[in-house]
Amino acid sequence: SQQGEEDPQALSIQEGENATMNCSYKTSINNLQWYRQNSGRGLVHLILIRSNEREKHSGRLRVTLDTSKKSSSLLITASRAADTASYFCATWPGNQFYFGTGTSLTVIP
Amino acid sequence: NAGVTQTPKFQVLKTGQSMTLQCAQDMNHNSMYWYRQDPGMGLRLIYYSASEGTTDKGEVPNGYNVSRLNKREFSLRLESAAPSQTSVYFCASSEQGLRYFGPGTRLTVT
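First, a word on scope: everything that follows refers to the structure included in this document. (Residues numbered from 1 in each chain as written. Chains lettered and ligands numbered in written order. Predicted model: local features only at pLDDT ≥ 70, side-chain atom pairs only at ≥ 80, totals over all residues. Heavy atoms only, no water.)

**Examining the interface of chain A and chain B**
Across the boundary between the two partners, chain A contributes 18 residues, which contact 16 residues of chain B. When chain A packs against chain B, close to 1400 Å² is buried across both sides, 57% of that on carbon and sulfur atoms. In this assembly, chain A and chain B are joined by zero salt bridges. For the pair chain A and chain B, the number of links is two residue pairs in polar contact (both at pLDDT 80 or more). Among the secondary structure elements, those contributing two or more residues to the side of chain A that touches chain B are strand E4 (31–37), strand E5 (43–50) and strand E9 (85–92) of chain A. (Contact = heavy atoms within 4.5 Å. Buried area = accessible area lost by both parts, 1.4 Å probe. Salt bridge = Lys/Arg side-chain N within 4 Å of Asp/Glu carboxyl O. Polar contact = N/O pair within 3.5 Å; in protein donor to acceptor, adjacent residues only side chain to side chain. Helix = DSSP H or I, 4+ residues; strand = E, 2+ residues; numbered from the N terminus.)

Below you can see the structure in the form of structure tokens.
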């Protein structure tokens, strides 16, 4: 069974708006990572947040982690058309790496 | 520095045919992985290799074999392709918990 589940499955916003996607997982983790996949391409690592961290920033990305609720959110601020992609959370409970089903983000110019 | 490379990019097979997907990385990573990606399923691990000379089954290994030829190369073989193996296959390597992915191979089995 999959460890991570993203929500929503699809999101469509106007350029300049913020995009928020969520990830829920099932067991304790060492860290949680977010990846981006452009259409027809491989996944690219965006950001890693460790289990003892609550929030992390990287450029226009803000990730939060709530281990009590077993959930994480990825916020992309001031979205651009180039942010159009699928976003996956990946969790590492310790011996395996699990990817969620992804959120498909469309940013309309 | 090419990162992770995969060949071929696209492949069409008939049921029962065999083929090998090639993967190479030039980042000197010990660990390498093969995933398949299907709509609505996310990525699922087929096999992985923690180091040269070792391989282990992942979540969905049936119908596949792997070879860790050397530190750089990790190949995935389909001995007798089935339509259920129609998917996009990604190779990845990792260092310090981060995955680095290849561009993928889109395989169709008819």
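**Regarding the pattern of salt bridges**
This model, assessed by the stated rule, comprises six salt bridges over all chains. A salt bridge links A:Lys56 to A:Glu53; its shortest N-O distance comes to 3.9 Å. Note on A:Lys56: relative accessible area 28%, which makes it partly exposed. What emerges from the salt-bridge pattern is a single network uniting B:Arg36, B:Asp38 and B:Arg44. (Buried < 20%, exposed > 50% of the residue type's maximum accessible area, 1.4 Å probe, protein only.)

**Re unusual backbone geometry**
Along the chain, A:Asp7 connects to A:Pro8 via a cis peptide bond; the corresponding omega equals 0°. Structurally, A:Pro8 can be placed in the loop between strand E1 (4–7) and strand E2 (10–14). Residue B:Thr7 is joined to B:Pro8 through a cis peptide bond whose omega torsion reads -5°. Topologically, B:Pro8 is positioned in the loop between strand E1 (4–7) and strand E2 (10–13).

**Looking at the pairing of strand E6 (residues 55–58) of chain A**
Residues and elements named next belong to chain A. Taken together, the four bridges between E6 and strand E7 (residues 61–66) define a ladder with antiparallel strand orientation. Bridge pairing in E7 links His57 to Arg62. Where E6 hands over to E7, the hairpin turn is made up of two residues, of which Gly59 adopts a positive phi near 60°. (Pairing = 2+ DSSP bridges.)

**Side note on the sheet that holds strand E8 (residues 74–78) of chain B**
Residues and elements named next belong to chain B. Pairing within the open sheet is antiparallel, and its four strands lie in the order E1-E3-E8-E7. Sheet topology places E1 and strand E7 (64–68) at the edges, where each strand pairs with a single neighbour. On average, each strand axis in the sheet is inclined to that of its neighbour by 20°, with strand direction left out of account. Of the strand pairs in this sheet, E1 and strand E3 (residues 19–25) are connected by four bridges, and their pairing is antiparallel. Each bridged residue has a counterpart across the sheet, and for Thr7 the counterpart in E3 is Gln22. (Axes fitted to C-alpha atoms, helices over the stretch in contact; angles between N-to-C directions.)

**Some details on the sheet that holds strand E3 (residues 19–25) of chain A**
Residues and elements named next belong to chain A. The strand order across the open sheet built from five strands is E1-E3-E8-E7-E6, with neighbouring strands paired in antiparallel fashion. With partners counted over all chains shown, the strands left at the sheet margins are E1 and E6, one partner each. Neighbour-to-neighbour, the strand axes of the sheet open up by a mean angle of 20°, direction not taken into account. Here six bridges tie E7 to strand E8 (residues 71–76), and the two strands are oriented antiparallel to one another. Pairing of Thr64 across the sheet is with Ser73, part of E8.

Honestly, it's all geometry; don't read function into it.
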